[in-house]
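Single-letter residue listing:
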Amino acid sequence: MERRKPAATPENYARAIISLSGRFQSTSVFPGNNYLDLKGWMVQDRRIFKSARLEDDESDFASIFASKSDQPHDLVVVYSSDGEKKWNVQQYNQEQHEDFYSETSIPAEGAGQMVFIRGYISPSWVSVLGSKYNIDPEFFRRHMDYLSGSIFRHSFGFPSLASSSNNIFKLCVSTLLHRDDFGGQDLQSQRSDQATELKTYKQRQLAFTKVCCGDSLVREYSTVCSSFSVIEQWISLCVAKADKGWTVIAWMDQGRPLEQSPPGPWTSHIKSNATPFPILQHHPKMAFRNTSNRLDPGANASAELPQSTAILPLQYDSLIALVDLARRAPRDPLSMCIPLFTHTAFSEVQFLNLIESRIQIQINTTTEAVKADELGTLQYFYNILNRHAQQLKDSTRALYKLAEQSNNQGLYAVPPGLGTGISRRASEAKTIKNLGANSSGGAFTIKGLLEDYEELHVRCIDLSKMCTRGITMAMNKATIEESRKAIEQSKRLKKLTLLATLFIPLNFSSSMMGMNIDLLGQNTVRFWWFLVLCIPVTLFAYCFFLWDFQYVKRGWAKFWTSCCGVGRGMPASSSEKDPSHIV
C-alpha cells in the first residue's frame with residue numbers, strides 16, 4: 001500500500017467548511033446556512049489552524065473535547081488490506097490525529113480500507129479524516145444533526161434528495177434494556193418525561209459540546225413497557241475512493257460505556273440495574289469457529305451496560321473470515337460492509353420480536369376491557385414502527401447502491417438505473433434474482449441480506465397495520481361501552497321521569513291544599529278533599545305521559561279533513577270522479 005498526498009490539508013478542509021457556512025441566499029445560489037452549527041462547533045478547536053499552534057493556551061482547546069476517563073479507548077481503528085486475506089490493523093486514541101494523518105496510508109489500486117470511529121470525535125479528527133480521504137462535509141453534518149438545536153437552523157433541508165448523496169448511508173442499531181423495577185410511574189407519564197429529557201440531552205449535552213472524544217451517543221430512547229426499553233444508535237457510512245482503491249468510513253455512536261458518557265433518560269434505567277440484551281447473530285457452523293480480539297475490549301467488558309456493537313471493530317477481521325468474506329472483502333466495499341448490515345438486521349429482528357409480543361398483549365387486553373392508556377400505547381408503537389420502517393427502507397437502498405458500485409468491478413450483476421422511475425420494484429426484484437447467480441442465500445450474502453431487509457421492512461409495515469387495527473378495535477369497543485352507558489343512563493332517566501310523573505301531581509295537590517285561602521267555601525279543608533283532587537290530577541298526568549302524540553296528530557288531521565268535506569257537501573271519502581259520469 002503506497003502513500004499518497006491528500007487532496008487538502010486539515011486546515012484547508014476546516015476553512016472550506018467555514019467558507020461554505022458564510023454563503024447566504026443574497027450572495028450565492030448555493031447558500032450554506034445549514035453548516036453554521038458545524039462551523040461553530042469546529043472553530044472551538046483552534047488546533048486545526050496553524051496559527052493556533054504558537055499560542056500558549058493550546059492545551060485549553062485540547063481539554064474541551066478530551067475525555068476525563070482513565071480507561072484507555074481506541075477511538076479510531078483502521079483495517080487495511082494488501083489485496084490478500086491478511087489485514088493490517090492500526091488503532092489511535094483521541095490525541096493521535098496527527099499520527100493518523102502522517103502514518104495511515106491511502107489504499108492503492110485493488111486495495112481497500114475500513115476506518116471505524118468509535119464514538120464522539122473532536123473537530124481535529126473531522127478535519128484530518130475529511131482532508132485525508134476527501135470526504136464530503138455533508139457526511140459529518142448529517143451524522144452530527146444534533147448540533148442544530150432547532151429544525152429551522154437547517155431550513156427543513158434534511159433529509160435531502162437521495163440521489164445527492166449516493167455514498168453516504170445510515171444504519172440504525174437497536175439495543176434492548178430489561179429491568180424489573182419500573183419506578184412507580186405510569187407509562188404515559190414515563191414516556192412524556194423521557195421525551196422531554198431526551199430533547200434536553202440533545203440540546204444541552206450534544207449541541208453544547210458537553211461530550212468528549214470516545215463518548216457514546218444515543219439518538220432515540222423508547223419505553224416499550226414497564227420492563228423493556230430500547231436505545232437506538234447510528235452507524236454512518238461513507239464510501240470514499242482514491243484512484244481504484246476505496247475506503248469505508250464507519251462512524252459509530254457506540255464508544256465508551258453509556259454510564260461513562262453524558263447522562264440521558266436511560267440513566268435511571270442504569271441505576272435500576274438494567275440488563276442489556278446482546279445482539280444475537282447466527283451463521284451456519286458458528287459454534288465450531290473461534291474469534292479473536294485484535295484489540296483490548298476490557299472497557300466494554302467491565303461496563304454496566306455493555307454494547308455489542310462497541311466491540312464489533314475489535315473483531316472485524318475475525319468476523320469477515322468467519323462468514324467467508326475474506327476473499328472478496330479486500331477489494332469490494334460491499335462485502336466489507338456486509339457484517340455491519342447483518343449486525344443491524346439482527347438487532348432489528350430482536351426489536352420487532354419484542355414489539356410484536358407487546359402489541360399482541362395489548363390487543364388481547366383490548367378484547368377483555370379497554371384500559372386508559374391502551375390507545376396511547378398502540379399509537380406510541382405505531383410511531384416507533386413507522387420510524388423503523390423508514391430506516392429499513394434507507395438501509396435497503398444503501399445495499400442496492402453499494403451493489404451498483406460493486407458492479408463496476410464485475411462482482412455482482414446489478415441492472416442499470418436501479419430504483420428509478422415506475423419500474424423500481426421490478427428492477428429491485430430483478431436485482432435479487434441476478435444476485436442469486438453470484439451468491440447463495442444466507443445472512444452474510446448479498447442476496448440473503450437483501451431478502452432479509454425486504455422481509456424486515458414488510459414485517460415492520462405489518463406490525464404498524466396491526467397497531468392500526470388494535471387502535472380501531474379499541475376505539476370501537478370504547479364506542480360500544482359509551483353506547484351501553486348511554487342506554488343505561490336513558491333507562492335511569494326513564495325511571496326518574498316515571499317517578500316525576502307520579503309525584504308532580506301529588507306535589508301540586510299538596511301545595512294547593514296547603515295555601516292559606518278559603519278553599520271550596522269552607523274555613524277548613526277535610527282530608528278527603530285531597531284525595532278528590534289528587535287522584536284525577538295524577539290519572540290525567542299519567543295518561544298525558546303515555547299518550548301517543550303522533551296518533552293524536554293523525555286523528556286530528558283526519559277529523560279536520562272530514563269536517564272540511566262535510567262543509568263542502570261532498571262525501572269525505574270521494575276524491576275521484578264517478579265512473580258513471582265519464583263519457
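All values reported here derive from a predicted model rather than from experimental measurement. (Residues numbered from 1 in each chain as written. Predicted model: local features only at pLDDT ≥ 70, side-chain atom pairs only at ≥ 80, totals over all residues. Heavy atoms only, no water.)

Chemist: Describe the overall build of the chain, with residues and values.
Modeler: From N to C terminus, the chain includes 16 helices and eight strands. Within the span of the chain, comprising 583 residues, buried residues form 45% of the whole. The long-range share in the chain, meaning contacts at least 24 apart out of those at least 6 apart in sequence, stands at 74%. Element-wise, carbon and sulfur atoms account for 56% of the exposed surface of the chain, whose accessible area totals about 30400 Å². (Helix = DSSP H or I, 4+ residues; strand = E, 2+ residues; numbered from the N terminus. Buried < 20%, exposed > 50% of the residue type's maximum accessible area, 1.4 Å probe, protein only. Contact = heavy atoms within 4.5 Å. Areas by Shrake-Rupley, 256 points an atom, 1.4 Å probe, with all protein chains shown as cover.)

Chemist: For the pairing of strand 7 (residues 245–252), give the residues involved together with the corresponding values.
Modeler: Looking along a regular strand, one sees the side chains alternate between the two faces of the sheet. Counting buried positions over the eight residues of strand 7 gives eight, a clear majority of the element. Judged by which residues are buried, strand 7 turns out to be covered on both faces: Gly245, Thr247, Ile249 and Trp251 on one side and Trp246, Val248, Ala250 and Met252 on the other are all buried. Pairing analysis gives eight bridges linking strand 6 (residues 228–242) to strand 7, with the strands arranged antiparallel. By the bridge assignment, alanine 242 is partnered in strand 7 with glycine 245. (Pairing = 2+ DSSP bridges.)

Chemist: Got a sec to walk through the side chain of arginine 191? Specific residues and values, please.
Modeler: Structurally, arginine 191 is set in helix 7 (residues 187–206). Excluding its chain neighbours within four sequence positions, the residues that come into contact with arginine 191 are Thr223, Val224, Gly376, Thr377, Tyr380 and Phe381.

Chemist: Please set out the nonpolar core residue by residue, giving values where relevant.
Modeler: Ranked by internal contacts, the top residues of the largest apolar core, which has 65 residues, are Met114, Leu237, Leu340 and Phe341. With 14 residues, the single largest contributor to this core is helix 11 (residues 333–368). Residue contributions to this core reach at least three from each of two domains, namely domain 1 (69–150 + 164–277) and domain 2 (324–408 + 442–512). Discounting chain neighbours no more than four positions away, the residues touching phenylalanine 341 are Leu171, Leu237, Ser395, Ala398, Leu399, Leu402, Leu449 and Tyr453. In terms of nonpolar packing, the next biggest core, distinct from the first, is built from 50 residues, Val78, Leu129, Ala240 and Leu258 among them. (Core = buried A, V, L, I, M, F, W, Y, C linked by side-chain atoms within 4.5 Å. Domains from an automatic or database assignment.)

Chemist: Give a detailed account of the environment of serine 148, specifying residues and quantitative values.
Modeler: Here serine 148 is to be found in the loop between helix 6 (137–143) and strand 4 (168–178). On a C-alpha basis, the gap between serine 148 and lysine 202 in space is 9.3 Å, while along the polypeptide they are 54 residues apart.

Chemist: Hey, could you go over the packing of aromatic side chains for me, with residue numbers and the actual values?
Modeler: Tallying each qualifying case throughout the model produces 15 aromatic pairs. Taken together, a centroid distance of 6.2 Å and an interplanar angle of 80° make the contact between tryptophan 41 and tyrosine 120 edge-to-face. A residue pair is termed long-range when its members are at least 10 positions apart, and tryptophan 41 in helix 2 (residues 36–42) and tyrosine 120 in the loop between strand 3 (112–118) and helix 5 (123–133) qualify at 79 residues. Residue tryptophan 41 is classed as buried on the basis of its relative accessible area, which comes to 2%. Each ring, one from phenylalanine 139 and one from phenylalanine 140, has its centre 5.3 Å from the other, and the planes form 65°; the classification is edge-to-face. Using a relative accessible area of 0% as the deciding quantity, one classes phenylalanine 140 as buried. Three or more aromatic residues joined by ring pairs form one cluster here, namely Tyr13, Phe139, Phe140 and Trp251. Just above the ring of tyrosine 35 sits the side chain of arginine 141; from NZ or CZ to the centre is 5.6 Å. One Lys or Arg, arginine 219, reaches over the ring of tryptophan 234 and ends 4.2 Å from the middle of that ring. (Phe/Tyr/Trp six-rings, centres within 6.5 Å; stacked < 30°, edge-to-face > 60°. Lys NZ or Arg CZ within 6 Å of the ring centre and 35° of its normal.)

Chemist: Could you give an account of the environment of alanine 474, with specific residues and numbers?
Modeler: You can see alanine 474 is positioned in helix 14 (residues 446–513). In the structure, alanine 474 is positioned 111 residues away from isoleucine 363 in sequence and 8.2 Å away in space, judged by C-alpha atoms.

Chemist: If you had to explain the pairing of strand 1 (residues 76–81) to someone new, which residues and values would you point to?
Modeler: Of all six residues that make up strand 1, six are buried, and the element is covered over most of its length. Here strand 1 shows two buried faces, one formed by Val76, Val78 and Ser80 and the other by Val77, Tyr79 and Ser81. With six bridges joining them, strand 1 and strand 2 (residues 87–92) adopt antiparallel strand pairing. Across the sheet, residue valine 76 finds its bridge partner in strand 2, namely tyrosine 92. Sheet analysis places strand 1 next to strand 3, joined by five bridges and oriented antiparallel. From the neighbouring strand, serine 80 faces strand 3, where its bridge partner is glutamine 113.

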